[in-house]
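Okay, here's what each chain looks like letter by letter:
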Amino acid sequence: MRDRRFAPMDAEQASARLEWELMILTRQREQAMLQVRPGDERLDRSAYVLLSRLEVQGPMSIADFVDAFGLAASTFNRQTAALLRDGLVERTLDPNGSVARKFRITAEGSRRLTSDRRQVVNGLAMVLTDWPPERLERFIADFQQFNEDIERLTGRPWPRPAAATTPPTGG
């Protein structure tokens, strides 16, 4: 019997398999978040994503978030209110002189993001520890290309750190 992982497939078949694997990946992340010990300060998914974006791009207004993510302003009003309340972002004047107020990550936001990212990276390292370097490079290159193709189709590119091989660590 032929291994179905290597059977030829069209884009629709590949998409169906990929959808399933992405669903499982999302579930794995959710399960990992449930394993947080009481008292641990873990960011929720939206805080992690917004803080990561602010860390790479710099201060953003609500309109900037709407443009970047394609979601309603009310979504970002709620999310930024929670981030402000928790001291993870602060309001600032637009460095370019616009009247719009922008949000920037605070030292506490950077600390929490760095801590969460370290936990994610350590968890991924446990999974990838036995992968040979050439397989890791190929997987990362393919995964990045997949994301960049989505960004191209949606018209919403995601900024990447200057050193594309190393995400920011805050500080």
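Residues numbered from 1 in each chain as written. Predicted model: local features only at pLDDT ≥ 70, side-chain atom pairs only at ≥ 80, totals over all residues. Heavy atoms only, no water.

(A) Inspection of the side chain of Lys102 at higher detail. Mapping Lys102 onto the fold places it in strand S2 (residues 101–105). A distance of 3.0 Å separates a polar atom in the side chain of Lys102 from a polar atom in the side chain of Asp64. (Helix = DSSP H or I, 4+ residues; strand = E, 2+ residues; numbered from the N terminus. Polar contact = N/O pair within 3.5 Å; in protein donor to acceptor, adjacent residues only side chain to side chain.)

(B) Structural detail: the packing of helix H2 (residues 45–57) against helix H4 (residues 73–85). For the pair H2 and H4, the least separation of the axes is 11 Å and the interaxial angle reads 90°. Relative to H4, H2 is oriented roughly perpendicular. Residues Ser46, Ala47, Leu50 and Leu51 of H2 touch H4, and the partners they reach there are Phe76, Gln79 and Leu83. Per-class residue counts for the contact of H2 with H4 are 5 nonpolar, 2 polar and no charged. (Axes fitted to C-alpha atoms, helices over the stretch in contact; angles between N-to-C directions. Parallel < 35°, antiparallel > 145°, perpendicular 65-115°, else oblique. Contact = heavy atoms within 4.5 Å. Nonpolar A, V, L, I, M, F, W, Y, C, P; charged D, E, K, R; others polar.)

(C) Quick look at a nonpolar patch on the surface. Taken together, Leu18, Leu22, Leu25, Phe139, Ile140 and Phe143 make up a surface patch of nonpolar side chains, about 510 Å² in accessible area. Elements with a minimum of two residues in the nonpolar patch: helix H1 (11–34) and helix H6 (133–154). In this structure, Phe139 sits in helix H6. (Patch = residues over 30% accessible without salt bridge, like charges linked within 9 Å, V, L, I, M, F, W, Y side chains within 5 Å. Areas by Shrake-Rupley, 256 points an atom, 1.4 Å probe, with all protein chains shown as cover. Salt bridge = Lys/Arg side-chain N within 4 Å of Asp/Glu carboxyl O.)

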